[in-house]
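Close look at the chain arrangement
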Amino acid sequence: MSSLSNIGNLMHLYLDEIDPGEGTNAPEFLIKASAHLLNQKGGRNWIPVIVKETGKDKYQVIANSFIYAIAEAAHLDRVWCIITDGSDETVEVTKVLAGEEIPKINLSKASRDEIMAALEYLIEQPGSVLKAVKPAIATNRIDEAPREYWKTLDPILNLKCGITKGKKLDALNQVFYLTPQPMPDTITDTAILQTMTIADLKTIAQKRGITGITKMKKDDLVKALSKP
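This structure is a prediction, so every number in the text was calculated from the model and none was measured. Sequence order as written defines residue numbering, which begins from 1 separately in each chain. Where totals are concerned, whole chains, interfaces and linings use all residues; where local detail is concerned, this predicted model gives features only for residues with pLDDT of at least 70, and gives and counts side-chain atom pairs only at 80 or more. Side-chain numbers here rest on the full set of heavy atoms in the structure, without hydrogens or water.

Here the focus is the overall build of the protein. Secondary structure assignment for the protein yields nine helices and seven strands. Computation of the radius of gyration draws on C-alpha atoms, with the globule rule given as 2.2 Å multiplied by the number of residues to the power 0.38. Taking 228 residues into account, the globule formula puts the C-alpha radius of gyration at 17 Å, and the protein, at 25 Å, lies well above it. Expressed along its principal axes, the backbone C-alpha trace of the protein runs to roughly 75 × 40 × 30 Å. A 1.4 Å probe rolled over the protein chains alone gives each residue an accessible area, and that area as a share of the maximum for its type sets the label: buried under 20%, exposed over 50%, partly exposed in between. Relative to its 228 residues, the protein shows a buried fraction of 38%. Pairs at least 24 residues apart make up 65% of the contacts formed inside the protein by residues separated by at least 6 positions. Accessible areas in this description were obtained via Shrake-Rupley with a 1.4 Å probe; residue shielding takes into account the shown protein chains only. Per element, the accessible surface of the protein, about 13500 Å² overall, is 53% carbon and sulfur. Numbering of helices and strands runs from the N terminus; a helix is a DSSP stretch of H or I covering at least four residues, while a strand is a stretch of E covering at least two. The contact rule is simple, with two residues in contact once any of their heavy atoms fall within 4.5 Å.

This part is about unusual backbone geometry. Positive phi, normally seen in glycine, also occurs at D57, with a value near 55 degrees. By the element assignment, D57 lies in the loop between β3 (49–55) and β4 (58–63). Backbone geometry places K160, a non-glycine residue, at a positive phi of 50 degrees. Mapped onto the fold, K160 is located in the loop between α5 (135–144) and α6 (167–171). By relative accessible area, which is 68% here, K160 ends up exposed.

Time to look at the pairing of β4. Sheet topology places strand β2 (residues 18–19) next to β4; two bridges connect them, and they run parallel. Across the sheet, residue D19 finds its bridge partner in β4, namely Q60. As paired elements, β3 and β4 share five bridges and run antiparallel to each other. Each bridged residue has a counterpart across the sheet, and for E53 the counterpart in β4 is Y59. Here a strand pair is declared whenever DSSP counts at least two bridges between the two strands.

Here, a salt bridge means any Lys or Arg side-chain nitrogen found within 4 Å of an Asp or Glu carboxyl oxygen. This model, assessed by the stated rule, comprises three salt bridges. A salt bridge links E28 to K32, with the shortest nitrogen-to-oxygen separation between them at 4.0 Å. On the criterion of helical spacing, the pair formed by E28 and K32 is a turn pair, its members being four residues apart in helix α1 (residues 28–40). A salt bridge links D143 to R147; its shortest N-O distance comes to 2.7 Å. Owing to a relative accessible area of 27%, D143 belongs among the partly exposed residues under this scheme. Taking the relative accessible area as the measure of exposure, R147 reaches 7% and is therefore buried.

What follows deals with the nonpolar core. Counting residues in each nonpolar core, the largest one holds 24 residues, and the members touching the most others are L107, L130, I156, I163, L172 and F176. Elements supplying a minimum of two residues to this core: α4 (112–123), α5 and α6. Broken down by element, this core gets its largest block of residues, five residues, from α4. With near-sequence residues (within four places) excluded, I156 lies in contact with L107, I142, W150, C161, I163, L169 and L172. Nonpolar cores are built from buried Ala, Val, Leu, Ile, Met, Phe, Trp, Tyr and Cys residues. Side-chain atoms within 4.5 Å join them into one set. Grouped together as the second largest cluster of nonpolar side chains are 18 residues, I18, I67, L76 and I83 included.

Another point: the packing of aromatic side chains. Aromatic contacts are taken between Phe, Tyr and Trp rings whose centres are within 6.5 Å, Trp giving its six-membered ring; a plane angle under 30 degrees counts as stacked, one over 60 as edge-to-face, and the others as tilted. Summed over all chains, the structure comprises zero aromatic pairs. We count a charge as sitting over a ring when the NZ of a lysine or the CZ of an arginine lies within 6 Å of the ring centre and within 35 degrees of the ring normal. One residue, R78, lies across the ring of Y14, its end atom 4.0 Å from the ring centre.

The mixed open sheet is built from five strands, whose spatial order is β1-β5-β3-β4-β2. Each having just a single partner strand, β1 (10–14) and β2 make up the two edges of the open sheet. Orientation is described by axes fitted as lines to C-alpha atoms, over the contacting stretch for helices, and by angles from 0 to 180 degrees between their N-to-C directions. The strands that helix α3 (residues 88–97) touches are β3, β4 and β5 (78–84); relative to β4, the one it contacts most, it runs at about 50 degrees.

Our focus in this paragraph is a negative patch on the surface. Exposure above 30% relative accessible area and the lack of any salt bridge qualify a residue for a patch; like charges then connect within 9 Å, and the nonpolar side chains Val, Leu, Ile, Met, Phe, Trp and Tyr within 5 Å. In this tally, Lys and Arg are treated as positive and Asp and Glu as negative; His is ignored, and so are the chain termini. Lysine's charge is taken at NZ, arginine's at CZ, aspartate's at CG and glutamate's at CD. A cluster of like negative charges, contributed by D85, D88, E89, E92, E100 and E101, occupies part of the molecular surface. If you trace the backbone, E100 turns up in the loop between α3 and β6 (105–106).

A few words on the packing of α4 against α5. At a minimum axis distance of 9 Å, the contact between α4 and α5 shows a crossing angle of 140 degrees. Classed by the angle they form, the pair α4 and α5 counts as oblique. Taken as a pair, α4 and α5 cross one another with a handedness that is right-handed. On α5, the residues touching R112, I115, M116, L119, E120 and I123 of α4 are P135, A136, A138, T139, N140, I142 and D143. We call two directions roughly parallel when the angle between them is under 35 degrees, roughly antiparallel when it is over 145, roughly perpendicular when it lies between 65 and 115, and oblique otherwise. Whether a crossing is left-handed or right-handed is set by the direction in which the near helix is turned from the far one by less than a right angle, anticlockwise for left-handed and clockwise for right-handed.

This is the structure in structure tokens:
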């Protein structure tokens, strides 16, 4: 396996020693046309492939898969690569830096500007299901909600910000993840309680010893919990 001295090094590896890994979904035209250009211009991939070592003289692509596919189509014997430690953290950040994965932000702690930027990114994508969503309104309502306690993105459905159940809500999983804090027992702010799911409201009510919660509707739960 790679010694620590190889990590971060630029190495000229034989193509047949490298497993392409997940590969690339780039159009065949781009791969072949780029391979033709590469052969015409000296056959050196100035942008290296990022690999991890999997065995003696065995490697696997973890990022810049498009470059590997071009080198393969150009029938190069060797390709310039950077060796990494192959850890999950390295693979994740490398794929993001190579533009092969979309980075996600922690919605539990994200700033208003980060939420706005993420929503605008999704809305501006070609054919986006969120085209009709107004980013300023959605951002304000999400930012003001008790998102630090959310276990899923479902509470967004209660914010009436144009994001509905199904494809619109699912699209948010591309840019957000959650690290929820334990639900406190003493939330009394009606505005905050209204943004919570019935399940979360019942959990809080149970902790506070409120009886008859199984038959309560959301408005009843909010009213009961808003009392100090």
